[in-house]
Amino acid sequence: MNYLAPSVLSADFSKLGKEIETVAMAGAPIIHLDVMDGMFVPNISFGAPVISCVRKVTDAVFDVHLMVEEPIRYLEDFHRAGADVITVHYEACKDLTATLTKIKKYGVKVGVSISPDTSADVLQPYLDMVDMVLIMSVHPGFGGQSFIESSLEKIRTVRSMLDEIGKKETWIEVDGGIGADNIVSVMEAGANVFVAGSAVFKGDIVANVQKLNALIQ
Ligand code: DX5
Ligand code: ZN
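Residues numbered from 1 in each chain as written. Chains lettered and ligands numbered in written order. Predicted model: local features only at pLDDT ≥ 70, side-chain atom pairs only at ≥ 80, totals over all residues. Heavy atoms only, no water.

**Examining the site of ligand 1**
Surveying the vicinity of ligand 1 reveals 20 residues, the closest of which are Asp34, Gly141, Asp175, Gly197 and Ser198. Within the side chain of aspartate 175, an N or O atom sits 2.6 Å from an oxygen atom of ligand 1. Because more than half of its atoms lie within 2 Å of the grid, ligand 1 is assigned to the largest pocket. Of all the elements in the fold, those that place two or more residues in the shell around ligand 1 are strand 2 (30-36), strand 3 (61-67) and strand 8 (193-196). Sort the elements by how many residues they give to the shell around ligand 1 and strand 2 lands first, with 3 residues. Taken together, the residues of the shell around ligand 1 sort by class into 8 nonpolar, 10 polar and 2 charged. (Near = heavy atom within 4 Å. Polar contact = N/O pair within 3.5 Å; in protein donor to acceptor, adjacent residues only side chain to side chain. 1 Å grid on protein atoms, 1.4 Å probe; cavity = no way out; pocket = protein on both sides within 12 Å on 5 of 7 lines; lining within 4 Å. Sits in = over half its atoms within 2 Å of the grid points. Helix = DSSP H or I, 4+ residues; strand = E, 2+ residues; numbered from the N terminus. Nonpolar A, V, L, I, M, F, W, Y, C, P; charged D, E, K, R; others polar.)

Now the structure itself:
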């Protein structure tokens, strides 16, 4: 199954609940929530209290992308806030096994992410523990950047690594610079969850969701 996951980083935060409701009603099954701590990435976004508030407006899957140093400290907060998928960065965890194990304990989907400069090979020891691999196709920290083309090769590599260990059901999510011009190539490379921030929230939100959804069906 393919899923569109609008990133609310590009939403109008003065009406965040309303915009989340709008994308969900327009047919986006997953809401991507970018949490930034100003340490792992040079930007600060929002944390668990905001997620907990917007949890009330939709039953859509809440996909929480933690761009946070040592996220193990905050997993319980995001679980309580209503996350359905919690993704941590390989680069941000001293003990990734312990971090992934703790996410699993909460009964939510377990995600691991790599930044553009990190090789897919580092994921090998963790692939049997995760439900989703998030491949960053921009340097994490800001919305509205251009898609890094070499990410396509990385998606193919991760898809074949998963195939080799018989984990064909594991999701591959791609995040950064995705829009109507490249979403099909990202899908053909082997991804099935497509994060889009500016391509959804700039302009007509409903029409954007419908257009991107149609491309991945
Ligand atoms: C970047 C975030 C992305 C970002 C995507 O650090 O993880 O989710 O908001 O935004 P666009 O689609 O505009 O590149
Ligand atoms: Zn993200």
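There's plenty left to go through after this.
**Focus: the layout of surface pockets**
Counted as a void, the largest pocket has a volume near 220 Å³. Along the wall of the largest pocket there are 24 residues; nearest its centre are Phe142, Gly143, Gly144, Asp175 and Gly176. Going through the elements one at a time, strand 2, strand 3, strand 8 and helix 7 (198-201) are the ones with two or more residues in the lining of the largest pocket. A per-class count over the lining of the largest pocket returns 11 nonpolar, 11 polar and 2 charged. (Points joined across faces, edges and corners; volume = space filled by probe spheres on them.)

**Description of helix 8 (residues 205-215)**
Along helix 8, the residues that are buried comprise Ile205, Asn208, Val209, Leu212 and Asn213. Taken around the axis of helix 8, the buried residues stretch over an arc of 125°, which confines them to a single face. At its buried positions, helix 8 is contacted by strand 1 (3-6), helix 1 (16-26), helix 6 (183-189), strand 8 and helix 7. The N-cap of helix 8, judged by a side-chain oxygen 3.2 Å from the amide nitrogen of valine 206 a few residues on, is aspartate 204. (Buried < 20%, exposed > 50% of the residue type's maximum accessible area, 1.4 Å probe, protein only. Arc of directions from axis to C-beta. Contact = heavy atoms within 4.5 Å.)

**Some details on the sheet that holds strand 8**
As summarised here, the arrangement of the 8 strands in space is 1-8-7-6-5-4-3-2, forming an open sheet in which the pairing is parallel. Two strands bound the open sheet, and with one partner strand each, they are strand 1 and strand 2. For this sheet, the mean angle separating the axes of adjacent strands, direction not counted, is 25°. In this structure, strand 3 lies alongside strand 4 (residues 85-89), joined through 4 bridges in parallel fashion. Within strand 4, the position partnered with valine 64 by the bridge is isoleucine 86. (Pairing = 2+ DSSP bridges. Axes fitted to C-alpha atoms, helices over the stretch in contact; angles between N-to-C directions.)

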